[in-house]
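Okay, here's what each chain looks like letter by letter:
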Amino acid sequence: MLCSVSSNFRLTLLGSPFPSGDFRKTSNECLITANQLPIGKAEKSRRAFRGYPTVGQKRLSFHETVVNNSKISTALEDESSVMTNTEEIAHEIGLLDLDPALQPFKDHFVYRIGRYIEQKRLIEKYEGSLQEFAQGYLKFGFNREEGGTVYREWSPAAQEAQLIGDFNGWDGSKHKMERNEFGVWTIQIPDVNGKPAIPHNSKVKFRFKHSNEIWVDRIPAWIKYATVDPTRFAAPYDGVYWDPPSSERYQFKYPRPPKSQAPRIYEAHVGMSSSEPRINSYREFADNVLPRIKANNYNTVQLMAVMEHSYYASFGYHVTNFFAVSSRSGTPEDLKYLIDKAHYLGLQVLMDVVHSHASNNVTDGLNGFDVGQSSQESYFHTGPRGYHQLWDSRLFNYGNWEVLRFLLSNLRWWLEEYQFDGFRLDGVTSMLYHHHGINVGFSGNYAEYFSEATDVDAVIYLMMANCLVHSLLLDATIIAEDVSGMPGLGRPVVEGGIGFDYRLAMAVPDKWIDNLKNKKDEEWSMKEIVSCLTNRRYTEKCISYAESHDQAIVGDKTIAFFLMDKEMYSGMSCLEPASPSVDRGIALHKMIHFITMVLGGEGYLNFMGNEFGHPEWIDFPREGNNWSYEKCRRQWNLVDTDHLRYKFMNAFDGAMNELDESFSFLASSKQIVSSTLDEDKVIVCERGELVFVFNFHPENTYEGYKVGCDLPGKYRVTLDSDALEFGGQGRVDHDVDHFTSPEGVPGKPETNFNNRPNSFRVLCPPRTCVVYYRVDEDLRSCEGLVAAKTAADVLDNESAS
């Protein structure tokens, strides 16, 4: 349950208390609309929150830039700037102007911004700058310094410490470490005969004695690589000293591609990307899967499970070694090859980062460092606050100086060492609140976001993380996985926001699952579908998706599986007529993904294999399936086999992305839904320059169906899900010109057709989506004149010769 706020609750800003005001607010005072959706993935306790458009205020476009010359901005950028007066801060919070419904929570924003400014000042005072602070990997872990190798580890509760490994026969008696006043242990190991005493690719561990006089061995916290003996079942991991000679170190050849206006993201797991039942490698993924992603016109790859995780079936979400690449798929140099190959193909690469929690694994992970430690001596909170009940994992203490250094440095490490282009941060909801979203159904009342339940330490960390990444890489993309819908999550820090570029539209998949599981096709509500897809915060951009990896894991079902079930194994051959189930399944698969892309956000995401309706869920090797890899792979052979119908869904997926590449409709702030007729089961909308017509009716064909539009002129088909190349019936003629007719009285929208000043008529078959573009007659005339002039010039030249 949420904590209530007592009337005498007070906050402290820079040591000076001030009244917080009442953070509580009745639902009718909040200018929002929200609906609770069913729980999605149970083990993550996800509840979907659907939007909160403000009422009676100017609607900013999603891409409108707010010029901010505020004193907050100055305080964040200028170390000498002084800004401690609460009224001064409150006056400068741009987020409150964007959404006046946040005004009752002004004191909360003042408090967290003040805390942020103060934390940043302290970092600048003692570390130089936030950017320097985030280079902890140059100090901690293993680093080459003149004449030797230096190893440092933060372990304040340790009584004694040693470095052990292959280089000293695992005997640390001659390699004892020294502790400073901050609990940092250090040892300098001189080179031997001009060569490092610790050879590249040799095993190392940190050995320390805790308060019970017991010695324990742990993998260094900042280790860059960790491996396990594959011949031993459940063998512990070993830290590996990774410092290859220049001849073996991968050198990046290609620059980062420019940031796209709208990300079209291909979410991928390298390990399970092989068609064979085994773990795939970074290099195989680069050579075999990246070209597929490029061919389907995606512009961004999002890699899961990159950070080392000892339990493969955790999908990479129980991280053990935060600076190490997952050794199952290869070496650090192999991952660099993958990213460089993606950049060569023009693909940006995002990394799935888990800073919301850490693996509970003591032997292999960061959790093993907290023996005998208090909260201020550990990476994690102690007691219940440091443990996530549903995830069985440890929770970071974001208020600790060294934890901030560790996590911020982790982001910079992946950006600079591996050339990632940004991040998707997992489990942000768990970070934002002390209750971690467990057994909490967010109704949309603003008081749910700004109270004692808010973990301000975590909020400040996220603000710092976003500012850091954007300062290091202007074109970085950072996405938040948040189901709560916290206002301001996707607005800049200088406005009082948390600073993410995008949030995932997590309510959308649950809506599709609800329709597919619980309703007949004729019961689907067009108004509910549109409401779910468009109900999001203005000025905060979203990544939409119909299904991600969450819907593909064992125990759940993909959309294709919901639609076609067992016929995905028996009815996909083009050599036989399609059954009604397969016909329906392929048609709705295309429509569901496409309308999600068109109306769901400012970017789009698809999980590996879903683009062609992969017939099996993902089941990682585990005791319950006898450690089988059979369903931990992707059957590319199905989409590559020409006589199977999987190719139709794949082709349409590529065409969807190509349409955005050509018309940039995802990046357009123009999004108008003009018709949502439940009787007809038709949705008509405009996005950018295009007009989209979706007919979800299972049977009805509408001839001469009237469609509203903005500009007058001639419209033609540019994409048709019913085309033969997409497994359709080819009922729509693509060579027909559709001329508009004016509607109503100019300047009086109420007299227009569906509030649109023009209209044209189309053929609208059942279970199809057709996209129309306006033919630019002036451009075509100019092209004709140029062609005619060129032809005349050719004739003149021939006559002259």
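Everything discussed here concerns the structure shown above.
Remember, predicted model here, so these are calculated numbers, not experimental data. (Residues numbered from 1 in each chain as written. Predicted model: local features only at pLDDT ≥ 70, side-chain atom pairs only at ≥ 80, totals over all residues. Heavy atoms only, no water.)

1. Some points on the overall build of the protein chain
Now for step 1: Helix and strand counts for the protein chain come out as 18 helices and 35 strands.
Now for step 2: Taking as baseline every contact in the protein chain between residues at least 6 positions apart, the subset at least 24 positions apart corresponds to 72%.
Now for step 3: Per element, the accessible surface of the protein chain, about 31,500 Å² overall, is 49% carbon and sulfur. (Helix = DSSP H or I, 4+ residues; strand = E, 2+ residues; numbered from the N terminus. Contact = heavy atoms within 4.5 Å. Areas by Shrake-Rupley, 256 points an atom, 1.4 Å probe, with all protein chains shown as cover.)

2. Quick notes on the nonpolar core
Now for step 1: Counting residues in hydrophobic clusters, the biggest one holds 196 residues, and the most contacted among them are Leu 303, Tyr 379, Trp 414, Phe 594 and Phe 694.
Now for step 2: Per-element accounting of this core gives the leading share, eleven residues, to helix 10 (residues 456-472).
Now for step 3: The contact partners of Phe 594, leaving out residues within four places of it in the chain, are Phe 652, Met 656, Leu 659, Phe 692, Phe 694, Leu 719, Cys 769 and Val 771.
Now for step 4: Core analysis: the second largest hydrophobic core is formed by 16 residues, Val 682, Val 684, Cys 764 and Tyr 772 among them. (Core = buried A, V, L, I, M, F, W, Y, C linked by side-chain atoms within 4.5 Å. Buried < 20%, exposed > 50% of the residue type's maximum accessible area, 1.4 Å probe, protein only.)

3. Focus: the packing of aromatic side chains
Now for step 1: By the definition in use, this model includes 58 aromatic pairs.
Now for step 2: Measuring from ring centre to ring centre gives 5.2 Å for Phe 380 and Phe 396, while their planes differ by 35 degrees; the resulting arrangement is tilted. A residue pair is termed long-range when its members are at least 10 positions apart, and Phe 380 in the loop between strand 19 (358-359) and strand 20 (387-388) and Phe 396 in the loop between strand 21 (393-394) and helix 8 (401-418) qualify at 16 residues.
Now for step 3: The buried category is assigned to Phe 380, whose relative accessible area is 0%.
Now for step 4: Since its relative accessible area comes to 1%, Phe 396 is described here as buried.
Now for step 5: Its end group placed over the ring of Trp 413, Lys 224 keeps NZ or CZ at 5.1 Å from the ring centre. (Phe/Tyr/Trp six-rings, centres within 6.5 Å; stacked < 30°, edge-to-face > 60°. Lys NZ or Arg CZ within 6 Å of the ring centre and 35° of its normal.)

4. Looking at unusual backbone geometry
Now for step 1: Even without a glycine there, the phi angle at Phe 315 is positive, about 65 degrees.
Now for step 2: Mapping Phe 315 onto the fold places it in the loop between strand 16 (307-308) and strand 17 (321-325).
Now for step 3: The phi dihedral of Ser 664 falls on the positive side, at around 50 degrees, and the residue is not glycine.
Now for step 4: For Ser 664, the position within the fold is in the loop between helix 17 (646-663) and strand 27 (671-677).

5. Comments concerning the side chain of Glu 153
Now for step 1: Looking at the secondary structure, you find Glu 153 in strand 6 (residues 148-154).
Now for step 2: Within the structure, the side chain of Glu 153 is placed 3.3 Å from the backbone nitrogen of Ala 221, a separation counted as a polar contact.
Now for step 3: Setting aside chain neighbours within four positions, we find Glu 153 in contact with Phe 140, Gly 183, Val 184, Trp 185, Phe 206, Pro 220, Ala 221, Trp 222, Phe 369 and Tyr 379. (Polar contact = N/O pair within 3.5 Å; in protein donor to acceptor, adjacent residues only side chain to side chain.)

6. Thoughts on the sheet that holds strand 18 (residues 348-353)
Now for step 1: Spatial ordering of the closed barrel is given by 14-15-18-22-23-24-25-26, a layout of eight strands whose pairing is parallel. Between one strand and the next, the sheet's axes are offset by a mean angle of 30 degrees, whatever the strand orientation.
Now for step 2: One ladder, built from two bridges, connects strand 23 (residues 477-480) with strand 24 (residues 502-504); its direction is parallel. Note that in strand 24 the partner of Ala 480 across the bridge is Arg 503.
Now for step 3: The strands touched by helix 8 are strand 18 and strand 22 (422-425); relative to strand 22, the strand with the most contacts, the crossing angle is about 140 degrees. (Pairing = 2+ DSSP bridges. Axes fitted to C-alpha atoms, helices over the stretch in contact; angles between N-to-C directions.)

7. Examining helix 4 (residues 106-127)
Now for step 1: For helix 4, spanning 22 residues, the distance from its first C-alpha to its last is 31 Å, which sits close to the expected 32 Å at 1.5 Å a residue.
Now for step 2: The first or second residue beyond helix 4 is Gly 128, which carries a positive phi of 100 degrees. (Expected span 1.5 Å × (residues − 1).)

8. Comments concerning the pattern of salt bridges
Now for step 1: Per the stated rule, a full pass over the model turns up 51 salt bridges.
Now for step 2: For Glu 528, the salt bridge identified is with Lys 511, shortest N-O distance 2.8 Å. One end of the pair, Glu 528, is in helix 12 (residues 526-534); the other, Lys 511, is in helix 11 (residues 507-518), and 17 residues separate them in sequence.
Now for step 3: When its relative accessible area of 8% is taken as the criterion, Lys 511 is described as buried.
Now for step 4: Taken together, the shared-partner salt bridges in this structure form one network comprising Asp 99, Asp 482, Arg 503, Arg 537 and Glu 540. (Salt bridge = Lys/Arg side-chain N within 4 Å of Asp/Glu carboxyl O.)

9. With respect to the packing of helix 4 against helix 8
Now for step 1: Where helix 4 meets helix 8, the axes come as close as 13 Å, and the angle between the chain directions of the two elements is 85 degrees. The pairing of helix 4 with helix 8 is recorded here as roughly perpendicular in orientation. Contacts between helix 4 and helix 8 pair Gln 119, Leu 122, Ile 123, Tyr 126 and Glu 127 from the former with Trp 401, Leu 404 and Arg 405 from the latter.
Now for step 2: Across the contact of helix 4 with helix 8, the residue classes tally to five nonpolar, one polar and two charged. (Parallel < 35°, antiparallel > 145°, perpendicular 65-115°, else oblique. Nonpolar A, V, L, I, M, F, W, Y, C, P; charged D, E, K, R; others polar.)

10. Details of the environment of Ala 134
Now for step 1: Secondary-structure assignment places Ala 134 in the loop between helix 5 (130-133) and strand 5 (141-145).
Now for step 2: For the pair Ala 134 and Ala 465, spaced 331 residues apart in the sequence, the C-alpha separation amounts to 9.6 Å.
Now for step 3: Dropping the residues within four chain positions of it, Ala 134 is found in contact with Leu 408, Ser 409, Arg 412 and Leu 468.

11. Remarks on the pairing of strand 17
Now for step 1: Most of strand 17 is tucked away: five of the five residues are buried.
Now for step 2: Inspection of the sheet shows strand 16 paired to strand 17 by two bridges, in the antiparallel sense. Counterpart to Glu 308 in the pairing with strand 17 is Asn 321.

12. Comments concerning the packing of helix 8 against helix 10
Now for step 1: It is at 10 Å that the axes of helix 8 and helix 10 come closest, and there the two elements cross at 30 degrees. Relative to helix 10, helix 8 is oriented roughly parallel. Of the two possible hands of crossing, helix 8 and helix 10 adopt the one that is right-handed. Contact residues: Leu 404, Leu 407, Leu 408, Leu 411, Arg 412, Leu 415 and Glu 416 in helix 8; Tyr 461, Met 464, Ala 465, Leu 468, Val 469 and Leu 472 in helix 10.
Now for step 2: Taken together, the residues that form the contact of helix 8 with helix 10 break down as eleven nonpolar, no polar and two charged. (Left-handed = near helix turned anticlockwise from the far one by under 90°.)

13. Some words on helix 15 (residues 580-599)
Now for step 1: For helix 15, built from 20 residues, the straight-helix expectation of 28 Å at 1.5 Å per residue is met to within 8% by its first-to-last C-alpha distance of 28 Å.
Now for step 2: Within helix 15, 16 of the 20 residues are buried, leaving the element largely enclosed by the surrounding structure.

14. Regarding the pairing of strand 34 (residues 758-764)
Now for step 1: The buried count for strand 34 comes to five of seven residues, which makes it a mostly enclosed element.
Now for step 2: Across six bridges, strand 30 (residues 702-709) lies against strand 34 in antiparallel orientation. Within strand 34, the position partnered with Gly 708 by the bridge is Ser 759.
Now for step 3: With two bridges joining them, strand 33 (residues 741-742) and strand 34 adopt antiparallel strand pairing. In the sheet register, Ser 741 faces strand 34, and the bridge partner there is Ser 759.

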